[in-house]
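In case you want the letters, here they are:
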Amino acid sequence: MRLSSFHIDGFGALSGYSEEAIAPGLVVVLGPNEAGKSTLFDFLSGVLFGFPNRKDNVRFRAPVRGGRHGGRVGFVDDAGGHFVVERYAGAHRGLIVRLPDGSEGDEHSLSRALAGASASLFEAVFAVGLDDLSQMKNLQSDEVRELLFAASIFGQRRSATRAMKH
């Protein structure tokens, strides 16, 4: 799976923000504290896997600058099929899944397109935070390479050797 686009109607401090042509390859989201990096990640995860139900959950992120709570994410699967997932939180919950053939899917077809991945696997593979980087600062370059490789393959932040033994 490769993210290809997104549009945020309203989510936390982000409102009316879009990226319509995310290039293939590694995407790094960089910015100062409170720039919206975690908010963007929580938005992507929420659209793909569902938003938290409770407003006291830190990842709920009600819109503070307007817009309907949610938006859409486009992605391309391994076969080159383009999917668009639109999801909203709150009282007017809704999920729309557009399949590569233009038909409308449901939660089950989305799960199949995501190969059964969970929100926690998505976070383990696609989100590398400051805590992760600080744990790697004393590693040699080969160890860092193995750790990043294992994260991309196994969805874990441990060595490939230990992951395979487990």
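Look a little higher up for the structure.
About the thresholds
- Residues numbered from 1 in each chain as written.
- Predicted model: local features only at pLDDT ≥ 70, side-chain atom pairs only at ≥ 80, totals over all residues.
- Heavy atoms only, no water.
- Helix = DSSP H or I, 4+ residues; strand = E, 2+ residues; numbered from the N terminus.
- Buried < 20%, exposed > 50% of the residue type's maximum accessible area, 1.4 Å probe, protein only.
- Polar contact = N/O pair within 3.5 Å; in protein donor to acceptor, adjacent residues only side chain to side chain.
- Phe/Tyr/Trp six-rings, centres within 6.5 Å; stacked < 30°, edge-to-face > 60°.
- Core = buried A, V, L, I, M, F, W, Y, C linked by side-chain atoms within 4.5 Å.
- Contact = heavy atoms within 4.5 Å.
- Axes fitted to C-alpha atoms, helices over the stretch in contact; angles between N-to-C directions.
- Left-handed = near helix turned anticlockwise from the far one by under 90°.
- Nonpolar A, V, L, I, M, F, W, Y, C, P; charged D, E, K, R; others polar.
- Salt bridge = Lys/Arg side-chain N within 4 Å of Asp/Glu carboxyl O.
- Pairing = 2+ DSSP bridges.

Student: Explain the environment of Asp-101 here, please?
Tutor: When you line up the elements, Asp-101 lands in the loop between β5 (94-98) and β6 (104-105). Of the residues examined, Asp-101 reaches a relative accessible area of 62% and is grouped as exposed. Considering only alpha carbons, one finds Asp-101 and Phe-83, 18 residues apart in sequence, at a separation of 9.0 Å. Here Ser-103 takes part through its side chain, which lies 2.6 Å from a polar atom of the side chain of Asp-101.

Student: Is there a simple way to explain the packing of aromatic side chains in this structure?
Tutor: How two aromatic rings sit relative to each other is set out by the distance from centre to centre and by the angle between their planes. Considering all chains together, one arrives at seven aromatic pairs under this definition. A ring pair is formed by Phe-11 and Phe-43, whose centres lie 5.8 Å apart and whose planes are at 65 degrees; its orientation type is edge-to-face. Note that Phe-11 is positioned in strand β1 (residues 2-11) and Phe-43 in helix α1 (residues 37-49), a separation of 32 residues in sequence. Each of the two residues, Phe-11 as well as Phe-43, counts as buried. Their ring planes at 35 degrees and their centres at 5.6 Å tell us that Phe-11 and Phe-51 sit as a pair that is tilted. Separated by 40 residues along the polypeptide, Phe-11 in strand β1 and Phe-51 in the loop between α1 and β3 (70-76) bring together distant segments of the chain. Each member of the pair Phe-11 and Phe-51 is classed as buried.

Student: What should I look at first to understand the nonpolar core in this one?
Tutor: Across soluble globular proteins, nonpolar side chains have a tendency to be buried as a group. Core analysis: the largest hydrophobic core is formed by 24 residues, its most contacted members being Phe-6, Phe-43 and Phe-75. With residues up to four places along the chain from it excluded, the contact list for Phe-6 reads Tyr-17, Ser-18, Glu-19, Glu-20, Ile-22, Leu-40, Phe-43, Leu-44, Arg-72 and Val-73.

Student: Can you walk me through the side chain of Ser-5 in this structure?
Tutor: The residue Ser-5 is located in strand β1 in this model. The residues contacting Ser-5, other than those within four sequence positions of it, are Glu-19, Glu-20, Ile-22, Arg-72, Val-73 and Gly-74.

Student: Can you walk me through the packing of α1 against helix α3 (residues 119-126) in this structure?
Tutor: Angle between the axes and distance between the axes are the two parameters that describe a pair of packed helices. In contact at an axis separation of 10 Å, α1 and α3 are set at 145 degrees when each is read in the N-to-C sense. Read as a crossing pair, α1 and α3 show a hand that is right-handed. For the pair α1 and α3, the contacting residues are Phe-41, Leu-44, Ser-45, Leu-48 and Phe-49 in the first and Ala-119, Phe-122, Glu-123 and Phe-126 in the second. In terms of residue class, the contact of α1 with α3 is built from seven nonpolar, one polar and one charged.

Student: I keep staring at the pattern of salt bridges and nothing clicks. Help me out?
Tutor: A side chain of one charge can pair with a side chain of the opposite charge when the charged atoms of the two come close. Taken as a whole and assessed by the stated rule, the structure comprises six salt bridges. Residue Glu-104 is joined to Arg-98 by a salt bridge in which the shortest nitrogen-to-oxygen separation is 3.1 Å. In this structure Arg-98 comes out as partly exposed when scored by relative accessible area, which is 37%. Taken together, the shared-partner salt bridges connect Asp-42, Arg-59, Arg-61 and Glu-123 into one network.

Student: Before we go on, may I ask you to explain the sheet that holds β1 in this structure?
Tutor: One key point about sheets: their strands pair by backbone hydrogen bonds, in either a parallel or an antiparallel sense. Here we have six strands laid out as an open sheet, ordered β2-β1-β3-β4-β5-β6, and antiparallel in their pairing. Every interior strand has two partners, whereas the edge strands, β2 (14-19) and β6, have only one. With four bridges joining them, β1 and β2 adopt antiparallel strand pairing. By the bridge assignment for β2, Phe-6 is matched with Glu-19. Strands in contact with α1 are β1, β2, β3 and β4 (82-88); relative to β1, the strand with the most contacts, it is inclined by about 100 degrees.

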